[in-house]
Amino acid sequence: MSVGRRVLFVVALLVLAIIALAAVAPDLISARDPLQTDVRGALQAPSAEHLFGTDQSGRDIFTRVVHGTGRSVGIGLLATGLALVLGLLVGTVAGIAPRIVDVAAMRVTDVLLAFPEFLVALIVVAVLGPGPLNVAIAVTLAAAPVYVRLGRVQTRTLAAAEHVEAARILGVAPVLAFVRHVVPGVLGSLSVLATIGIGSSILAAAGLSFLGLGPAEPAPEWGLMLASGRNVLAQAWWISVFPGAAITMTVISASVVGRTLRARAEGRSS
Amino acid sequence: MIRRIVGQAASVVVVLWGAASLAFLALRIIPGDPVDVMLGPQAQVSEDVKDAIRAELGLDRPLFEQYVTYVGQLIRGDLGESYQLRMPVAEVIGRQLGSTLQLTALAMLIAVVLALSAALVARGPVSRGIVAATELVLLSSPVFWIGLVLLSVFAFGLGWFPVSGTRNPATIVLPAVTLALPVAALLGQVLRDGMEAAQRQPFATSVRARGAGHARLTMHHTLRHGAAGALTLTAYLVGSLLGGAVLVETVFARPGLGRVTLSAITDRDLPVLGGIILLSAFTFVLVNVIVELLHPVLDPRVRTETVRTRP
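Residues numbered from 1 in each chain as written. Chains lettered and ligands numbered in written order. Predicted model: local features only at pLDDT ≥ 70, side-chain atom pairs only at ≥ 80, totals over all residues.

**Concerning the interface of chain A and chain B**
Between chain A and chain B, the contact holds 33 residues from the first and 37 residues from the second. The set of elements that each furnish at least two residues to the side of chain A that touches chain B consists of α4 (99–113), α5 (117–128), α8 (174–210) and α10 (238–269) of chain A. For the side of chain A that touches chain B, the per-class residue count stands at 23 nonpolar, 6 polar and 4 charged. (Contact = placed C-beta atoms within 7 Å. Helix = DSSP H or I, 4+ residues; strand = E, 2+ residues; numbered from the N terminus. Nonpolar A, V, L, I, M, F, W, Y, C, P; charged D, E, K, R; others polar.)

Structure, rendered in structure tokens:
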């Protein structure tokens, strides 16, 4: 790994650490109340007192960005985690199940992969109705086909691998050999995919909230804050620009870390 | 060759049939009574009238029969009628299709031009680093945020472009650029990777040994390799353009299919949503067939393979 890449990796890890802190303990970073309105202090430009300015109701944007971290990043994390579980369950089952089950599962993923991910997420929200949890489920189902495919391929590869055959020859029961020697390997590959996928899940979730399908006002959430700043963009660019910058910083850091981890995993396996 | 065409046709049918089933499922598994959804929450309608509507729409018949009827209607080209607008779905979509097509086509053009110029210009390590960093930022930014930033800089700040509206042809520029930037970033990445991989291959050395300059090597050889790799992504890119159009049309308050989709979701206008699902699947299939036809033109290796398998 070159020096430049190593520096980038460390910086990305630091950013993620700050984001994690903001998500878990937002009060440590900004002690204000994200819901506190102040009509006389509305639409103030960024200053020493209001680092990112204030919105239409005079709420402090910096505080709202910090307090929105948990919700915005949380939805993306939840969706990625669920997609990983789904990929592990359906992928391993399809990998060892009779051909007919396997073919059925693969045809379903084929059809889902024919649609743009964002459209799949929109359709799921249309069926389930808006709300943060439904947004997470929608993003999960949109991302899941790729995880299922990888899970299946890895299961097939590993089930035929020499170390698994060795375990079987040594007399380990087939079920135990599968659980102890195949499943962890599949989980490993899916985790690498997930670290890269977190970024796109956060983006998709923010997109759905931007369209008003996620958390409702006055909850601080990045996509929603961007949408609320849209109508006053001419007077107050800061309302939309800072939450968007927060999303971009998060996604860049996540993908830098994800790519580095993937490069390491590939280096190890080859 | 014939076997390939039959195989292609079969996968086209499977994807379209799957999409139709998905549309049917979305229409039927939705929680709540479709008739209540159709009438809206405030409607004061007696059960008798609701039953009459149900009978008219065929909702009182068994699910399988409804499914067969639905697929039968689709085969005849009937997409059903919008709950909200009381118009045929084909008309609702047809009215807005042009606007979205213009936007996505222009965005695709801008993306290809940007990606190509970035791949050709970025030759040194410094310029390559700058291009790669820009691509990372663009791929990590929400497309609606890019739109809002462009709006505040170029429309509100510098006043170069109109803010919204459709009369003035200049209004399409900012939305198209917004939609194009993430696609250009992805395309540029794939193109550069493909070209770099081709430059390391033995044939590149032999081309150079024959006395060809860098320009000739790039234009005649490595660019072609990069483009062949990028071509396989086309369906994905067109899909992300259509998905992005929903967000970009909202940001710039432009009419189009994105707005139709969004209002179909908020109003729970499921027949319209079914139409959008089918249109999207049809686009995917169409793009894939075009890519399949274009591939041999760009990549001679695919061409020789089809010749060899001919009986």
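**A look at the packing of helix α1 (residues 2–28) of chain B against helix α4 (residues 63–75) of chain B**
All names here are of chain B. Packing of α1 against α4 leaves a shortest axis separation of 11 Å and a crossing angle of 130°. It follows that α1 is oblique to α4 by the angle criterion. α1 and α4 meet at a crossing whose hand is right-handed. Contacts between α1 and α4 pair A20, F24 and R28 from the former with L63, Y67, Y70, V71 and L74 from the latter. For the contact of α1 with α4, the per-class residue count stands at 7 nonpolar, no polar and 1 charged. (Axes fitted to C-alpha atoms, helices over the stretch in contact; angles between N-to-C directions. Parallel < 35°, antiparallel > 145°, perpendicular 65-115°, else oblique. Left-handed = near helix turned anticlockwise from the far one by under 90°.)

**Some remarks on helix α3 (residues 61–96) of chain A**
In this model, α3 of chain A (36 residues) spans 52 Å end to end at C-alpha, consistent with the 52 Å of a helix rising 1.5 Å per residue. The principal kink in α3 of chain A, of about 45°, is found at G68 of chain A. (Expected span 1.5 Å × (residues − 1). Bend = angle between axes of the 7 residues up to and from the residue.)

**Overview of the environment of V287 of chain B**
All names here are of chain B. As for its position among the elements, V287 is in helix α13 (residues 270–298). We classify V287 as partly exposed; it has 16 C-beta atoms within 10 Å. In the structure, V287 is positioned 180 residues away from A107 in sequence and 16 Å away in space, judged by C-alpha atoms. (Buried ≥ 20, exposed ≤ 12 C-beta atoms within 10 Å, placed from the backbone.)

**A closer look at unusual backbone geometry**
With an omega of 0°, the peptide bond running from E217 of chain A to P218 of chain A counts as cis. Residue position: P218 of chain A is located in the loop between α8 and α9 (222–229).

**Some points on the confidence of the model for chain B**
Residues and elements named next belong to chain B. Across chain B, pLDDT averages 81, with 91% of residues at or above 70. At the low end of the mean pLDDT range in chain B sits helix α14 (residues 300–309), at 56; at the high end sits helix α5 (residues 89–121), at 90. Long-range and interchain partners of residues 306–311, a stretch whose pLDDT sits below 50, account for 3 contacts in this model, where long-range means more than four residues apart. In the predicted complex, the global pTM is 0.85; the interface-specific ipTM is 0.85. (pLDDT = per-residue confidence, 0-100.)

**Looking at the environment of V121 of chain B**
Residue position: V121 of chain B is located in helix α5. With 11 C-beta atoms packed within 10 Å, V121 of chain B lands in the exposed category.

**Looking at the nonpolar core**
Residues and elements named next belong to chain A. Judged by nonpolar contacts, the single largest core of 146 residues is most densely connected at A121, V139 and A205. Of all the elements, α8 adds the most residues to this core, at 15 residues. Dropping the residues within four chain positions of it, V139 is found in contact with A79, A121, S201, A204 and A205. (Core = buried A, V, L, I, M, F, W, Y, C linked by C-beta atoms within 7 Å.)

**So, the packing of α4 of chain A against α1 of chain B**
Running from N to C, α4 of chain A and α1 of chain B point in directions that differ by 85°, and their axes come no closer than 9 Å. Between α4 of chain A and α1 of chain B, the angle falls in the class roughly perpendicular. Across the interface between the two elements, R107, D110 and V111 of chain A of α4 of chain A pack against V14, V15, G18, A19 and L22 of chain B of α1 of chain B. Its residues assigned to classes, the contact of α4 of chain A with α1 of chain B comprises 5 nonpolar, 1 polar and 2 charged.

**So, the environment of P175 of chain B**
Residue and element names in this part refer to chain B. One can find P175 in helix α8 (residues 173–199). For the pair formed by P175 and P162, sequence separation is 13 residues and the distance between their alpha carbons is 11 Å. Among all residues touching P175, those that are not within four sequence positions of it are L103, V248, F252 and R254.

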